[in-house]
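Observations on the three-dimensional arrangement
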Amino acid sequence: MKHYEVNFDGLVGPTHNYAGLSFGNVASLSNAQNISNPKEAAKQGLAKMKSLTDLGLIQGVLAPQQRPDLAILRQLGFSGSDARVLEQAALKAPNALLACYSASSMWTANAATVSPSADTQDGRVHFTPANLIDKFHRSIEPEVTGRILQAVFSDNKYFCHHHYLPSHPDFGDEGAANHTRLCQQYGNAGLELFVFGRSSYNPKLPYPRQFPARQTLEASQAIARLHGLDDDTALFIQQNPDVIDQGVFHNDVIAVGNQNVLFYHQQAFLNPQATMDAIRARLPDMELHFIEVKEQEVSLSDAVQSYLFNTQIVTLPSGDMAIIAPTNCQEIPAVADYLKHLVEQNTPIKQIHYFDVKQSMKNGGGPACLRLRVALSDMELSAVNPNTLLTEKLYQTLTHWVDKHYREQLSFDDLRDPKLVTESYTALDELTQILKLGSIYPFQRV
Ligand code: SUG
């Protein structure tokens, strides 16, 4: 049996905008209210997906959420026609209006946590959508995320879907952005690293002082239980609270793993030595490559600005690994230099590929945020909704779909325009037909 790791990237939705909604996420706050370019954003995402298929990888596509979510504005007391709801919300609750328009579901690393069948007790692939309760605009994602995942991975012989965790800060969960899996080959049982920012019930563990820690230990433990992982397959690691205060709002901004490689900044974890010892103890037979980047090589601030660790590490058909990096890494000399030398070292990483995903980067989302990793056997892969796997033809169809429906620009004032609602829903309705997802959106279910 063959095994693959498939990246399911989030398609950038038609209402992509810069709203400044994510306290603790430096890029989101500093680009608040800038003009966005939805068409360009969606095309940057599609170009990355297409290039990964050109490298010989299997690539999937996840649909965006229904935005704007006018039901949320009605729930908050706005009433009348859609046009009136938008107008009133723009005047009286602009933040709620921005939240209901956010295209944040593009960052599918936050869509769910996924455990491959090799790790789980019942031998199925397990999915738990993230509740994303730390940010209002993201807390309205999990219901539809669950439906999208079920429409892509529908065969319950191979796939098991859980409800998202209770929507309370004690169980704050941000999905795969705080989850990395080490393994020899994708089909072997691996070690799933769950990185948490705080504990809800153990007050002795340190907290960040300034910015929120979005992932709790208790959420990670619940997911490991739901997925049927045990002490051999799950390890809980505390993130360094100081780095959260410097803008590392998810662990995938400071660390990334693939197979036997863990690439991380010196300051990523609260107890780095104990962490590496614990990993080694659980994977005694594996030749592990811990690639630790020292502060003198790349400062934490350069790492956060460039998203050096929000890169994807992928295994190419040849067995070599490649780093998929944002072009922002080329613009910071220390980072560009580091990557240039990394491929000459004795590690499996042999290539670097740069992609311009700046539209997403300006909201704090790099290449790794844009994808959800799902390791699959060939049998499981054949049970995936085939219309969501990227081919040359699907790439062309989606590019044409973006050209037809997306605006070049969006600013706050555009969000009052009821025509944007119709445009967005028309595009999404057509998308569900292209990807054959069924009626996943609330507007399709009335
Ligand atoms: O949750 N930004 C997202 C970025 C998510 C990045 N994901 C990972 N690191 N895996 C967030 O903070 C900004 C939206 C705005 O301000 O318009 C936003 O939601």
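Here's what I pulled together on the structure shown here. All chains use their own residue numbering, which begins from 1 and follows the written sequence. Reporting in this predicted model follows two pLDDT cut-offs: at least 70 for local features of residues, and 80 or more for side-chain atom pairs to be given and counted; totals over whole chains, interfaces and linings ignore these cut-offs and use all residues. Only hydrogens and water are set aside; all other atoms, that is, all heavy atoms of the structure, feed into the side-chain values.

1. Digging into the pairing of strand β7 (residues 191-196)
Defined as follows: Three labels apply to residues, based on accessible area from a 1.4 Å probe with only protein chains included: buried if under 20% of the type maximum, exposed if over 50%, partly exposed otherwise in between. Helix numbers and strand numbers start at the N terminus; a helix is a DSSP run of H or I with at least 4 residues, a strand a run of E with at least 2. In this analysis, strands are considered paired if DSSP registers two or more bridges between them.
With 6 of its 6 residues buried, β7 lies for the most part within the structure. Burial along β7 is two-sided: the residues Leu191, Leu193 and Val195 and Glu192, Phe194 and Phe196 are all buried. Relative to β7, strand β6 (residues 179-182) runs antiparallel, the two being bridged by 4 bridges. Each residue of the ladder has a partner; that of Leu182, found in β7, is Leu191.

2. With respect to the sheet that holds strand β15 (residues 371-377)
Operational definition: Axes here refer to lines fitted to C-alpha atoms; in helices the fit is confined to the stretch in contact. Angles between the N-to-C directions go from 0 to 180 degrees. By definition, residues are in contact when any of their heavy atoms lie within 4.5 Å.
Strand order in the open sheet formed by 3 strands is β2-β1-β15, with mixed pairing between adjacent strands. Of all the strands in the sheet, the pair left with one neighbour each is β2 (59-62) and β15. Here the strands of the sheet are splayed against their neighbours by 30 degrees on average, with no regard to which way each runs. Alignment of strand β1 (residues 3-10) against β2, held across 4 bridges, turns out to be parallel. Counterpart to Phe8 in the pairing with β2 is Gly60. Against the sheet, helix α2 (residues 38-54) makes contact with β1, β2 and β15, and its axis sits at roughly 155 degrees relative to β2, the strand it touches most.

3. Quick notes on the sheet that holds strand β12 (residues 312-315)
Taken together, 3 strands build an open sheet; the order of strands is β12-β13-β14 and the sheet is mixed. What marks the edges here is a single partner per strand, and that holds for β12 and β14 (349-355). Averaged over neighbouring strand pairs, the angle between their axes works out to 25 degrees when direction is ignored. Relative to strand β13 (residues 321-326), β12 is paired through 4 bridges, and the arrangement is antiparallel. Counterpart to Thr315 in the pairing with β13 is Met321. Seen against the sheet, α2 touches β12, β13 and β14 and runs at an angle of roughly 150 degrees to β14.

4. Focus: the side chain of Thr347
The following threshold applies: Here a polar contact means two N or O atoms within 3.5 Å. Within protein one must be a hydrogen donor candidate and the other an acceptor candidate, and residues neighboring in sequence count only if both atoms are side-chain atoms.
Examined against the element boundaries, Thr347 turns out to sit in the loop between α12 (333-342) and β14. At 3.0 Å, the side chain of Thr347 and the backbone nitrogen of Ile349 are in polar contact. Beyond its immediate stretch of four places on either side in the chain, Thr347 contacts His289, Ile291 and Leu342.

5. Section: the pattern of salt bridges
Here is the rule we go by: In the sections that follow, a salt bridge refers to a side-chain nitrogen of Lys or Arg positioned within 4 Å of a carboxyl oxygen of Asp or Glu.
This model, assessed by the stated rule, comprises 20 salt bridges. Glu174 serves as the salt-bridge partner of Arg214, at 3.2 Å between the closest nitrogen and oxygen. Of this pair, Arg214 sits in the loop between β7 and α8 (217-226) while Glu174 sits in the loop between β5 (159-161) and β6, and the two are 40 residues apart along the sequence.

6. A short note on the site of the ligand
As a reminder, the rule being used: Here a residue is considered near a molecule or strand provided that any single heavy atom belonging to it is located within 4 Å of it. Accessibility throughout is a Shrake-Rupley quantity obtained with a 1.4 Å probe, and a residue counts as covered only by protein chains that appear here. Charged means Asp, Glu, Lys or Arg here, nonpolar means Ala, Val, Leu, Ile, Met, Phe, Trp, Tyr, Cys or Pro, and polar covers whatever is left, Gly included.
The ligand sits among 22 residues. The nearest are Ser22, Ser28, His137, Asp252 and Cys369. Contact between the ligand and Arg214: an oxygen atom at 2.9 Å from a side-chain N or O atom of the residue. Summarising the interface, the protein chains cover 100% of the accessible area of the ligand, which totals 490 Å² for the free molecule. Here the residues of the shell around the ligand are counted per class, giving 8 nonpolar, 11 polar and 3 charged.

7. Some thoughts on the environment of Gln215
As for its position among the elements, Gln215 is in the loop between β7 and α8. Look at Gln215 and you get buried, because its relative accessible area is 5%. Remark: the alpha-carbon pair of Gln215 and Lys362, spanning 147 residues in sequence, is separated by 22 Å. Here Gln215 is in contact with Gly172, Asp173, Glu174, Gly175, Asn178, Val195, Phe196, Gly197, Arg198 and Ser220, once residues within four sequence places are set aside. There is a polar contact of 2.8 Å between the side chain of Gln215 and the backbone nitrogen of Glu174.

8. Examining the pairing of strand β10 (residues 261-265)
Applicable threshold: Note on handedness: a crossover is taken as right-handed if, strands pointing away from the viewer, the path from the first strand over the helix to the second is clockwise.
Counting buried positions along β10 yields 5 of 5 residues, so the element is predominantly enclosed. Here β10 shows no split at all, with Val261, Phe263 and His265 on one side and Leu262 and Tyr264 on the other all buried. Here strand β9 (residues 255-258) pairs with β10 via 4 bridges, running antiparallel. What sits directly across from Val256, in β10, is Phe263. In textbook terms, the turn of a hairpin is the stretch between consecutive antiparallel strands, and for β9 and β10 this stretch comprises 2 residues, one of which, Gln259, has a positive phi near 50 degrees. Here β10 runs beside strand β11 (residues 289-293); their pairing, made up of 5 bridges, is parallel. What sits directly across from Val261, in β11, is His289. Crossover connection from β10 via helix α10 (residues 272-282) to parallel β11: handedness right-handed.

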